[in-house]
Amino acid sequence: MLFLVAALMLLGVVLGTVAHAPLTVTVGLAAVIAVWLGVFALRERHARRRPSAN
């Protein structure tokens, strides 16, 4: 429950920051996050296809 409260507080801070940031900064950061998540997803998919060493 405490984790949920902390996550909601962090979301409020982030959304408050985005509301005051210029659109180009917001779009740029969103693109960076999207690329980061895409790379993470590809690495996870690749790791699941390989047989485990254990």
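Everything below is about the structure shown above.
What this report covers is the structure whose coordinates are included nearby. Counting restarts for each chain, with residues numbered from 1 along the sequence as it is written. Totals for whole chains, interfaces and linings use all residues, but because this is a predicted model, local features are given only for residues with pLDDT of at least 70 and pairs of side-chain atoms are given and counted only at 80 or more. With hydrogens and water set aside, each side-chain value is computed from the structure's full complement of heavy atoms.

## Describing the overall build of the protein
Helix and strand counts for the protein come out as two helices and zero strands. Each radius of gyration is computed over the set of C-alpha atoms, and the globule rule expresses the reference value as 2.2 Å times the number of residues to the power 0.38. Against the 2.2 N^0.38 benchmark of 10 Å for 54 residues, the protein shows a C-alpha radius of gyration of 17 Å, more extended than a compact globule. Along the first, second and third principal axes, the C-alpha set of the protein runs to 50 × 35 × 10 Å. Exposure is judged per residue with a 1.4 Å probe applied to protein chains only, and the accessible area is read against the type maximum: over 50% gives exposed, under 20% gives buried, and values in between give partly exposed. Expressed as a percentage of the 54 residues in the protein, the buried residues total 0%. A total accessible area of about 5300 Å² is found for the protein, and carbon and sulfur atoms account for 75% of it. In this description a helix means any DSSP run of H or I spanning at least four residues, a strand means any run of E spanning at least two, and both kinds are numbered starting from the N terminus. Accessible surface area values rest on a Shrake-Rupley calculation with a 1.4 Å probe, where residue burial reflects the displayed protein chains alone.

## Some details on the layout of surface pockets
Space inside the largest pocket adds up to approximately 150 Å³. Taken together, Val-14, Thr-17, Val-18, Ala-21, Val-25, Thr-26, Leu-29, Ala-30 and Ile-33 make up the full set of residues lining the largest pocket. Residue assignment for the lining of the largest pocket shows that the elements contributing at least two residues are helix 1 (2–20) and helix 2 (23–49). Broken down by element, the residue count for the lining of the largest pocket peaks at five residues, all from helix 2. Here a cavity means grid points, on a 1 Å grid over the protein atoms only, where a 1.4 Å probe fits yet cannot get out; a pocket means an open set of points with protein on both sides within 12 Å along at least five of seven lines; lining residues are those with an atom within 4 Å of a point. Grid points are joined across faces, edges and corners, and a volume is the space filled by probe spheres set on the points.

## Let's talk about a nonpolar patch on the surface
A grouping of Met-1, Leu-2, Leu-4, Val-5, Leu-8, Met-9, Leu-11 and Leu-15 is seen on the molecular surface, where their side chains present a nonpolar patch of about 900 Å² in accessible area. Among the secondary structure elements, Leu-11 is positioned in helix 1. The patch calculation keeps residues exceeding 30% relative accessible area without a salt bridge and links them within 9 Å when they carry like charges or within 5 Å when they are nonpolar (Val, Leu, Ile, Met, Phe, Trp, Tyr). What makes a salt bridge here is a side-chain nitrogen of Lys or Arg within 4 Å of a carboxyl oxygen of Asp or Glu, nothing more.

## Brief notes about helix 1
Here a helix's expected span is defined as the number of its residues, less one, multiplied by 1.5 Å. For helix 1, spanning 19 residues, the distance from its first C-alpha to its last is 28 Å, which sits close to the expected 27 Å at 1.5 Å a residue. Little of helix 1 sits inside the fold, with zero of its 19 residues counted as buried.

## Focus on the environment of Phe-3
Here Phe-3 shows up in helix 1. Taking the C-alpha atoms as reference points, Phe-3 and Ala-30, separated by 27 residues in sequence, lie 24 Å from one another.

Geometric descriptors of this kind do not, in isolation, establish any biological role.
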